Amino acid sequence: STIKELYEASPGPFVSLEFFPPKTQSGKQNLTARMGRMTALNPLFLTVTWGAGGTTAQKTLDLAALAQRELNIPVCMHLTCTNTSKEVIDHALKEAHKADIRNILALRGDPPVGEDWEEGSNFSDFQHAVDLVRYIKSEYKDDFCIGVAAYPEGHCEGEADVIDHSAVRDLPFLKEKVEAGADFVITQLFYDVEKFLDFERLFRDEVSATLPLFPGLMPINSYQLFNRASKLSHASIPSSILDRFPSESRGDDNKVRAIGVDVISEIVDTIYTRTNGRIKGLHFYTLNLEKAVAQIVTNSQCLSKILEEDKDEDLVDGIEEIA
Ligand code: FAD
C-alpha cells in the first residue's frame with residue numbers, strides 16, 4: 001500500500017520508524033529481529049535511509065526489500081539524487097518496484113564531508129530534490145507514492161550559511177516539490193516544539209492545508225549523541241530542555257534516556273493537541289534502537305492510545321518487552 005492511502009484510512013495517532021542499513025551481516029540480523037519486535041508499535045510505515053551518492057545502494061535495497069517482504073508493513077525507501085547518475089536512480093527504482101516497495105522519499109543528499117558539489121562531480125541530471133520528484137513522476141507515473149523533506153528551522157548548507165537560513169526562505173522550494181507531485185512531507189528533527197508549530201502553520205497556509213506532514217523526532221539515547229545530532233541537523237535545543245539534564249546525569253545513558261523520554265513525549269503531546277488533528281503521525285529517527293521509542297509510545301498521552309484502542313494483548317506484551 002502507499003503511505004497516502006494508509007494515511008487517509010487511519011484516524012491516527014500512529015508512528016512511523018526510520019532505520020539505516022547496518023554495515024555487517026550480523027548487524028543486519030540483529031536489526032531485522034529488532035524491527036520485527038518494533039512492529040508491536042503498530043507503525044504505519046517504515047523507512048530505510050540511503051547513503052548519498054549511492055554509497056549504501058545495495059544494503060538499502062536489501063534491507064528495504066526484506067522489511068517489505070517479512071514484516072507486512074509498507075516500506076518507504078529514501079533515495080538521494082545529486083552526485084548520482086540516472087542509471088543508479090533507475091536501478092534503485094526498478095529494484096524497489098520489483099520488491100513491492102511503493103513509497104520513495106525523494107531527497108537531494110549532501111556532498112561527502114569536506115567536499116564540494118561542483119568539484120569532482122560530473123553528474124548534472126539532478127540538482128535539487130524537486131528534479132528527482134519530477135523524474136519519478138515522468139518516468140514511473142503513479143508507481144510510487146513520493147515523500148519529500150522539510151526543515152522547520154530552515155535548511156542549512158553548513159556553518160557559513162547559518163545566518164540566512166529560515167523555514168520561510170525554503171518555502172517556495174518546498175512548494176515546488178509538492179506541486180511536482182510529492183504526496184507527503186517528513187521534517188528534519190527538532191527539539192523546539194514552538195518552531196515546529198510555527199512551521200506547521202506556515203506550511204498549511206502557504207503549501208497545503210491537507211497534505212500529510214510528519215514531524216521527525218529523534219529520541220535522546222545519550223547526551224553526546226543528542227548534542228551531536230542536533231548540531232549536525234542545525235536543530236536548536238531550548239534552554240528549558242537543556243536544563244532538564246543536570247550535569248551529573250549527562251554521563252549516565254539510562255538517566256539521560258529517561259529524561260529524554262519525558263521530553264519527547266511532551267513534544268509529541270503538544271503537537272498532537274495543538275494541531276487539532278492536522279498531524280496524525282509522528283516519525284521517529286530510531287537510530288536502529290528500540291527502547292526509547294517504545295518508552296515514548298507508552299509514556300505519551302496521545303501515542304499510548306495506540307495500545308488502549310487496539311486492546312491488543314500481543315501488542316501490549318510486545319511493547320512491554322522492548323520498553
Ligand atoms: P532540496 O529540497 O533540494 O533542498 C536543498 C536546498 O536547496 C535547500 O536549501 C533549498 O531551499 C534549496 N533549493 C531547493 N530547490 C531550489 C531551487 N530550485 N533553487 C535554489 N535553491 C533551491 N540524506 C541522505 O544522504 N540520505 C538519507 O536517507 C536522508 N534522509 C533524510 C530524511 C529526512 C526526513 C530529511 C529531513 C533529510 C534526509 N537526508 C538524507 C538529508 C538531506 O539529503 C539533506 O538535508 C540535503 O541537504 C537536502 O535534501 P533535500 O531533499 O531537502 O533537498
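Residues numbered from 1 in each chain as written. Predicted model: local features only at pLDDT ≥ 70, side-chain atom pairs only at ≥ 80, totals over all residues.

> How should I be thinking about the packing of helix 7 (residues 193–206) against helix 10 (residues 253–274) in this particular structure?
Working note: a packed helix pair is described by the angle between its axes plus the distance between those axes. Two numbers describe how helix 7 lies on helix 10: the axes approach to 10 Å, and their chain directions differ by 30°. Relative to helix 10, helix 7 is oriented roughly parallel. Here the hand of the crossing between helix 7 and helix 10 comes out right-handed. For the pair helix 7 and helix 10, the contacting residues are V193, F196 and L197 in the first and I267, T270, I271 and R274 in the second. Taken together, the residues that form the contact of helix 7 with helix 10 break down as five nonpolar, one polar and one charged. (Axes fitted to C-alpha atoms, helices over the stretch in contact; angles between N-to-C directions. Helix = DSSP H or I, 4+ residues; strand = E, 2+ residues; numbered from the N terminus. Parallel < 35°, antiparallel > 145°, perpendicular 65-115°, else oblique. Left-handed = near helix turned anticlockwise from the far one by under 90°. Contact = placed C-beta atoms within 7 Å. Nonpolar A, V, L, I, M, F, W, Y, C, P; charged D, E, K, R; others polar.)

> Explanation requested: helix 4 (residues 86–98) in the structure shown.
Since the α-helix turns once every 3.6 residues, residues separated by three or four places project in the same direction. Spanning 13 residues, helix 4 covers 18 Å between terminal C-alpha atoms, matching the ideal 18 Å at 1.5 Å per step. For helix 4, the full list of buried residues reads I89, A92, L93 and A96. The buried residues of helix 4 occupy an angular sector of 95° when the element is viewed end-on, so they sit on one face. Turned more than 90 degrees off the buried face of helix 4, the exposed positions are E87, K94 and K98. In this fold, the buried residues of helix 4 make contact with helix 3 (57–70), strand 3 (75–80), strand 4 (103–107) and helix 5 (129–140). (Expected span 1.5 Å × (residues − 1). Buried ≥ 20, exposed ≤ 12 C-beta atoms within 10 Å, placed from the backbone. Arc of directions from axis to C-beta.)

> Would you mind showing me how to read the site of the ligand here?
Taken together, 21 residues sit near the ligand, with T49, H78, R108, H128 and A129 positioned nearest. Those elements giving two or more residues to the shell around the ligand turn out to be strand 3, strand 4, helix 5, helix 6 (167–179) and strand 6 (184–189). Ranked by residue count, the leading element in the shell around the ligand is helix 6, at three residues. (Near = placed C-beta within 6 Å.)

> Is there a simple way to think about the packing of helix 3 against helix 4 in this case?
It is at 10 Å that the axes of helix 3 and helix 4 come closest, and there the two elements cross at 15°. The orientation of helix 3 relative to helix 4 falls into the category roughly parallel. Seen from above, helix 3 lies across helix 4 with right-handed handedness. Contact residues: helix 3 offers A57, L61 and A64, while helix 4 offers V88, A92, E95 and A96.

> Is there a simple way to explain the sheet that holds strand 7 (residues 213–217) in this structure?
The parallel closed barrel is built from eight strands, whose spatial order is 1-2-3-4-5-6-7-8. Going from strand to strand, the sheet's axes swing by 25° on average, the running direction of each strand aside. Two elements, strand 2 (residues 45–48) and strand 3, share three bridges in a ladder whose sense is parallel. Counterpart to T47 in the pairing with strand 3 is C76. (Pairing = 2+ DSSP bridges.)

> How should the environment of N103 be read in this particular structure?
Its place among the elements puts N103 in strand 4. For N103 and D269, which are 166 residues apart along the polypeptide, the C-alpha to C-alpha distance reads 27 Å. Those residues within four positions of N103 in sequence are excluded, and the remaining contacts are T2, I3, F45, P74, V75, C76, F144, C145 and G147.

> Would you mind going over the confidence of the model for the protein chain with me for this structure?
Fine structural detail should not be taken from predicted coordinates in areas where pLDDT scores are low. Of all residues in the protein chain, 92% attain a pLDDT of 70 or more, and the chain-wide mean is 92. Our summary of model confidence lists the complex with pTM equal to 0.95 and ipTM equal to 0.99. (pLDDT = per-residue confidence, 0-100.)

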